[in-house]
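As a plain string of letters, each chain reads:
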Amino acid sequence: MSTVALVVNPTAGRGRGRAAGERTARALRDAGHDVVDLSAPSLPLAQESADAAVRGGTGGGPAVGALVVVGGDGMVHLGVNATAGTGVPLGVVAVGTGNDFAHAVGLPTGRADRCVDTLLAALGGAGADPAVRAVDAGRVTGEHLGAPRWYAGVLSAGIDATVNAHANAATWPRGRARYARSALAELSRYRPYGYRVTVRGVPVGDDVPDVLAGAPLLRDGHRTGAGADAHDGGTLVWESPGALVSVANGPRFGGGVRIAPDAALDDGLLDLVVAGAFGRWGATRVFPGMYAGRHLAHPAVGTLRATSVTISPTAAGAPPPHAFADGEHLGPLPVRVDVAPGAVRVLHATGTASPRP
């Protein structure tokens, strides 16, 4: 038997979250686990309670054996921020609208019964060690952030972030249609933003182009040269007006937008995606293709893999929007993202048995 902390978003999945949370709590208790319900009227209060439960046990150890979140990617964001780097397993009952993280990690989505069965199988029986899959997380720091923030999926700092903000503020329509409607609204008033993106830790063997998304790519202030690589510790800089800068730990966001289709949650790398200075008409033509990953074929879109990415605003375009991660607001630029390999231990029935913290 273990003590499991539970946080539920009752409005997730068009109102399915409440019933799914009740089902999860009942199933956990029936399986012999002690359940501590940390659900709260607001996300900040729930985050505070989850942080305290995970990090605030006697002797400095965790007060719970696992944290389980019920909802969508917003609840995953809460869970990752509570558990990253602690060793406490994170369980996900993915009944939200998008469930991008659950899709990427191979967990069931939508149906609460399947999600709960998978969760119980991963927790195991009395005295058994839980089965977990270790995945990476992005660690975000910045002068406007009081403390580091973590994310599991994608950090957005371009037109994708304005769409995210619009969708979060909208009350209609519900579900994925809200994101599509928000995209149309934001594309109609888009202007290119000014960016300076600093990249470190490109893997050995990765080709580094001399031009990325239509702008020169510089190494320590000099052009890289075609076919170069950056494994010698040098710093790469992309400075340009642009439409989009995303730093992906996972392949998708926004309920299925495949921003970085090749991104893997356990490769110890971040996938940077940048788009150059599209006009409004060009952006309207290219960005709907992100649902299928077709945007990567456009010459004004480029990608790099790295372990660290810093995004700063410049006067080369309009002020960039605030950054969002996992659909949640972070704050204004500049921000720095560093990958933390294996920082999150996700309860996963096909994972590896791991001793309880």
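Attention in this report is confined to the structure presented alongside it. Since we're looking at a predicted model, the values are computed, not measured. (Residues numbered from 1 in each chain as written. Predicted model: local features only at pLDDT ≥ 70, side-chain atom pairs only at ≥ 80, totals over all residues. Heavy atoms only, no water.)

## Structural notes on the pattern of salt bridges
Defined as follows: Note on definitions: salt bridges are taken to be side-chain nitrogens of Lys or Arg within 4 Å of carboxyl oxygens of Asp or Glu. Comment: elements are numbered from the N terminus, with helices defined as DSSP H or I runs of at least four residues and strands as E runs of at least two. For every residue, the accessible area obtained with a 1.4 Å probe (protein chains only) is divided by the maximum for its type, and the residue is called buried under 20%, exposed over 50%, and partly exposed between those limits.
By the definition in use, this model includes six salt bridges. Between D100 and R252 there is a salt bridge whose closest N-O contact spans 2.6 Å. In this pair, D100 is assigned in helix α5 (residues 100–105) and R252 in the loop between β13 (244–248) and β14 (270–275), connecting sequence segments 152 residues apart. In this pair, the class of D100 matches that of R252, namely buried. A salt bridge links D266 to R133, with the shortest nitrogen-to-oxygen separation between them at 3.2 Å. Linking D266 in the loop between β13 and β14 with R133 in strand β5 (residues 131–141), this pair joins segments that are 133 residues apart in sequence. The exposure class assigned to D266 is partly exposed, which follows from its relative accessible area of 45%. R133 sits in the partly exposed class, given a relative accessible area of 24%.

## Section: the sheet that holds strand β15 (residues 301–306)
This is how it is decided: We call two strands paired when DSSP finds no fewer than two bridges between them. For helices, the fitted axis covers only the stretch in contact; all axes are lines through C-alpha atoms, and the angles between them, taken along N-to-C directions, range from 0 to 180 degrees.
Spatially, β15-β14-β13-β7-β17-β18 is the arrangement adopted by the six strands of the open sheet, whose pairing is antiparallel. The sheet terminates laterally at β15 and β18 (328–331), the two strands that pair on one side only. Averaged over neighbouring strand pairs, the angle between their axes works out to 20° when direction is ignored. Across five bridges, β13 lies against β14 in antiparallel orientation. Looking at the pairing, S246 lines up with V273 of β14.

## A look at empty space enclosed by the protein
What counts, and what does not: Here a cavity denotes a set of grid points, spaced 1 Å apart and computed over the protein atoms alone, in which a 1.4 Å probe fits but from which it cannot get out, and a pocket denotes an open set meeting protein on both sides within 12 Å along at least five of seven lines; residues with an atom within 4 Å of a point are reported as lining. Grid points are joined across faces, edges and corners, and a volume is the space filled by probe spheres set on the points. Residue polarity follows a fixed list, in which Ala, Val, Leu, Ile, Met, Phe, Trp, Tyr, Cys and Pro are nonpolar, Asp, Glu, Lys and Arg are charged, and the others, Gly among them, are polar.
Overall, the coordinates contain one cavity of 30 Å³ or more when judged by the stated rule. For the largest cavity, the full set of lining residues is V92, L107, P108, C115, T118, L119 and L347. Top element by residues in the lining of the largest cavity is helix α6 (residues 112–123). It accounts for three residues. For the lining of the largest cavity, the class distribution of residues is six nonpolar, one polar and no charged.

## Thoughts on the nonpolar core
Heads up, the condition is: For our purposes a nonpolar core is just a set of buried Ala, Val, Leu, Ile, Met, Phe, Trp, Tyr and Cys residues, chained together by side-chain atoms within 4.5 Å. By definition, residues are in contact when any of their heavy atoms lie within 4.5 Å.
Formed by 55 residues in total, the largest nonpolar core has its most connected members in L155, V197, W238, V247, F278, F287 and I311. By residue number, the principal contributor to this core is β14, which donates five residues. When sequence neighbours within four positions are dropped, the list of residues in contact with V247 reads Y151, G153, V154, L155, L270, D271, L272, V309, I311 and V337. A50, V64, L78 and L107 belong to the second largest nonpolar core, which has 33 residues in total.

Read these as layout, nothing more, since geometry by itself doesn't imply function.
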